[in-house]
Amino acid sequence: MTSYRFPNNFLWGAATSAYQIEGAADVDGRKPSVWDTFSATAGRTLNGDTGAIACNHYHTYREDIKLIADLGIKNYRFSLAWSRIMPDGRGKVNEAGVDFYRRLVDCLLEYGITPHATLFHWDSPQALEDLYGSWLSREMAQDFADYATAVVTRLGDRVTSWMTLNEITCFTHLGYGVDRVPQHAPGRQVGSDSEVWQTVHHALLAHGLGCQAIRAATPQPCSVALVDNFAVTVPIAESPQHIAAAQKAFGSFGYNGGILLPALTGAYHPDFFKPGAAAPKIQDGDLQIIHQPLDSLGFNIYCGTYVRAADNEAGFEIVNFAKSYPQMHMPWLFLQPESIYWGIRHISETLGRSDLPIFISENGCATEDEVNWKGEVVDSDRILYLRQYLKSAHRAVSEGYPLQGYFVWSLLDNFEWSWGYDRRFGIIRVDFPTQSRTPKSSADWYAECIRQNRAV
Ligand code: IFM
């Protein structure tokens with residue numbers, strides 16, 4: 001009965017983000033974000049879905065928090081909508097918007113649930129897009145820091161766990177990236193890779209200035225994290241040569257060299273500065289700003305990439321997923337539980353940051369849920385997926401890597417960006433026409449994991 005048991009202080013949580021669940025898009029002074037504009041533009045999202053209503057959480061947060069409490073979940077990660085707090089992106093603070101988050105946090109605290117707040121989960125104010133093209137401009141970094149100051153000054157008396165930006169890759173490369181049709185996220189298409197990397201650089205600066213702003217504004221000790229969905233290289237087999245290949249590949253794989261490396265080591269990967277490479281313009285002192293001391297790293301993990309040793313210049317090669325490799329209900333989401341273990345191990349061992357505590361800030365999957373004749377959703381596929389990943393997370397803990405907690409993605413079925421409401425990641429089903437909530441079998445399973453403090 002004691003197998004896969006986590007340490008007593010392990011944090012069990014669930015995660016959401018503002019635009020994906022709140023709705024109430026024009027209530028109490030909120031102004032549009034780039035996602036309101038993007039999703040309202042014909043052809044951008046599946047079925048033309050938008051987050052205008054989403055899970056209506058702005059109005060149902062009390063009931064939703066009670067559901068969290070009923071499951072025994074003690075940690076809740078949510079994000080704040082910048083354009084609720086600062087409708088024009090800069091300048092005047094909308095106190096009615098802040099009040100919503102005060103109510104939300106107070107309700108969490110009443111139930112004994114610790115709030116973990118992400119300041120930016122992709123929904124930048126449309127006003128800043130109109131003013132200077134959002135992440136195309138360096139001004140965005142300072143505006144983000146000012147927004148962070150406004151939030152932490154007002155909510156820092158009740159929130160002590162802060163995350164700056166969520167998944168820089170997604171709102172930069174997927175929004176501004178060249179040659180991407182259809183476009184999967186808001187952002188003006190730019191003409192070159194170095195311009196895309198410039199948006200990343202501005203986001204990293206926002207993270208760095210944001211960390212400084214949080215620490216300056218907090219009225220009490222707090223923790224600050226970056227949340228990244230870095231690319232995980234997984235050895236095809238755990239032999240010394242394939243492990244070495246996965247480690248060799250890690251620093252330059254995916255977008256790691258331009259996001260994770262500068263944030264955690266203070267330097268872009270050397271490949272960025274080779275002739276013809278797409279280095280952004282970097283000003284003196286930028287890397288010091290970006291490389292802030294962090295209390296932890298939030299690691300969003302869904303799946304990674306297999307790598308094997310190869311007799312080539314690089315010493316490794318990527319192994320594509322085989323044709324009938326098990327996959328969840330997303331084109332990019334393969335069942336690869338080892339990715340959670342290897343991601344954690346790479347931070348500690350490959351990057352040499354064993355000092356940095358890690359928490360899984362998102363892990364979950366979309367499944368083709370069905371409601372049975374009893375009105376239940378028996379999502380055995382989601383349980384299979386989550387159980388394997390938790391066991392793999394446990395392996396990291398048992399080998400001494402500093403994993404502190406786990407947030408399942410997601411608490412609720414929600415607006416899955418350009419996939420609209422078609423893809424369901426929740427452990428609680430949302431029937432969008434009626435807004436009724438039904439905990440799925442995976443929610444009961446997760447509650448049992450929490451109760452027993454282990455992967456059951
Ligand atoms: O829904 C998203 C979330 O907003 C960011 N990480 C990945 C999830 C699933 O696609």
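Computed from a prediction, not measured in an experiment: that's the story for all the values here.

Quick word on the UniProt feature "active site" (unreviewed entry) in the protein chain
Here's step 1: UniProt records the feature "active site" (unreviewed entry) at Glu167 and Glu362, using the numbering of this structure. Spatial clustering of the annotated residues is evident: they stretch over 196 residues in sequence, but the largest pairwise C-alpha distance comes to 10.6 Å.
Here's step 2: By the element assignment, Glu167 lies in the loop between β4 (161-166) and α8 (168-176).
Here's step 3: Residue class for Glu362 comes out buried when judged on its relative accessible area of 3%.
Here's step 4: Other than its neighbours up to four places away in sequence, Glu362 contacts Arg77, His121, Asn166, Glu167, Phe299, Asn300, Ile301, Tyr302, Phe407 and Trp409.
Here's step 5: Within polar-contact distance, the side chain of Glu362 engages the side chain of Asn300 at 3.1 Å.

Regarding the nonpolar core
Here's step 1: Grouped together as the largest cluster of nonpolar side chains are 151 residues, with contacts concentrated most on Leu80, Tyr101 and Trp162.
Here's step 2: If you tally residues by element for this core, the top one is helix α9 (residues 193-217), at 12 residues.
Here's step 3: Sequence-distant contacts of Leu80, that is, excluding residues within four places in its chain, are made with Ala18, Ile85, Tyr101, Ala117, Thr118, Leu119, Asp123, Tyr147, Val151 and Leu155.

Some remarks on the site of the ligand
Here's step 1: Surveying the vicinity of the ligand reveals the residues Gln20, His121, Trp122, Asn166, Glu167, Tyr302, Trp332, Glu362, Trp409, Glu416, Trp417 and Phe425.
Here's step 2: One of the side-chain nitrogen or oxygen atoms of Gln20 is found 2.7 Å away from an oxygen atom of the ligand.
Here's step 3: Within the side chain of Trp417, an N or O atom sits 2.8 Å from an oxygen atom of the ligand.
Here's step 4: For the ligand, whose unbound accessible area comes to 280 Å², protein coverage reaches 95%.
Here's step 5: Here the shell around the ligand is built from residues that sort into six nonpolar, three polar and three charged.

How each quantity is defined
- Residues numbered from 1 in each chain as written.
- Predicted model: local features only at pLDDT ≥ 70, side-chain atom pairs only at ≥ 80, totals over all residues.
- Heavy atoms only, no water.
- UniProt positions renumbered as here; feature names shortened; annotations may be inferred.
- Helix = DSSP H or I, 4+ residues; strand = E, 2+ residues; numbered from the N terminus.
- Buried < 20%, exposed > 50% of the residue type's maximum accessible area, 1.4 Å probe, protein only.
- Contact = heavy atoms within 4.5 Å.
- Polar contact = N/O pair within 3.5 Å; in protein donor to acceptor, adjacent residues only side chain to side chain.
- Core = buried A, V, L, I, M, F, W, Y, C linked by side-chain atoms within 4.5 Å.
- Near = heavy atom within 4 Å.
- Areas by Shrake-Rupley, 256 points an atom, 1.4 Å probe, with all protein chains shown as cover.
- Nonpolar A, V, L, I, M, F, W, Y, C, P; charged D, E, K, R; others polar.

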